[in-house]
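Spelled out, the chains give:
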Amino acid sequence: MGKNLIVALACAVSVLATPAGATCWTSGQVSAAKVRDFDTMLMVSALRCRLTGSDLLTRYNAFVTQDRVPLTQANDVLRAHFVEKVGKSEGLNAYDNYVTKVANRYGAGAEGLTCADMVSIVSAATSETVTLDALIELADRAKVTPLLDEQACPMTFASAAQ
């Protein structure tokens, strides 16, 4: 089979894999959700760990202050996703419900991570360059799996003009 035929078949399969009218999470939206999940994991952990004498809350507050711009960028992407999904009038409520669900995931702690682990993670976050890409990388290193209410969009392939 020729390269163009393989690319065309892959594109056709990806289109067929997504039902008509269905919404899905783009790779940028998945990355934004991962950053939001990472931030929420740290926030809930900071509140839980303050009873252990940990300085995680102080470090978390420094992280939020330092990384305000990329954190806001991620939240803007998420808000836009929900506005696109349910419309402008309900988009903010859908976003708020999503954020609450994410926070509830960490109410009993982050699986397999202690308060000391969280201090290490937030310390790494405050020592990194302040960019959205750096936060995505940190979330990946922390093995954060974002909460998605639908599937991720199928990958699309671009064909090279010959």
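Every value quoted in this text rests on a predicted model; they were computed, and no experiment measured them. (Residues numbered from 1 in each chain as written. Predicted model: local features only at pLDDT ≥ 70, side-chain atom pairs only at ≥ 80, totals over all residues. Heavy atoms only, no water.)

A. How the structure looks around the environment of Ile136. Mapped onto the secondary structure, Ile136 falls in helix α7 (residues 132–141). Sequence separation between Ile136 and Ala74 is 62 residues; the distance between their C-alpha atoms is 9.7 Å. Setting aside chain neighbours within four positions, we find Ile136 in contact with Ser31, Lys34 and Val35. (Helix = DSSP H or I, 4+ residues; strand = E, 2+ residues; numbered from the N terminus. Contact = heavy atoms within 4.5 Å.)

B. Looking closely at the pattern of salt bridges. Taken as a whole and assessed by the stated rule, the structure comprises five salt bridges. Two residues, Lys34 and Asp140, come together in a salt bridge whose shortest N-O distance is 2.6 Å. With a gap of 106 residues between them, Lys34 in helix α2 (residues 27–49) and Asp140 in helix α7 connect regions that are remote in the sequence. Between Asp37 and Arg105 there is a salt bridge whose closest N-O contact spans 2.8 Å. (Salt bridge = Lys/Arg side-chain N within 4 Å of Asp/Glu carboxyl O.)

C. Seen up close, helix α5 (residues 88–105). Here α5 spans 26 Å end to end across 18 residues, near enough to the 26 Å set by a 1.5 Å rise per residue. Looking only at α5, the buried set comprises Gly91, Ala94, Tyr95, Tyr98, Val99 and Val102. Viewed end-on, α5 has its buried residues packed into an arc of 135°, placing them on one side of the element. Exposed residues pointing more than 90 degrees away from the buried face of α5 are listed as Ser89, Lys101 and Asn104. Residues of α5 that are buried in the fold lie against α2 and α4 (68–86). (Expected span 1.5 Å × (residues − 1). Buried < 20%, exposed > 50% of the residue type's maximum accessible area, 1.4 Å probe, protein only. Arc of directions from axis to C-beta.)

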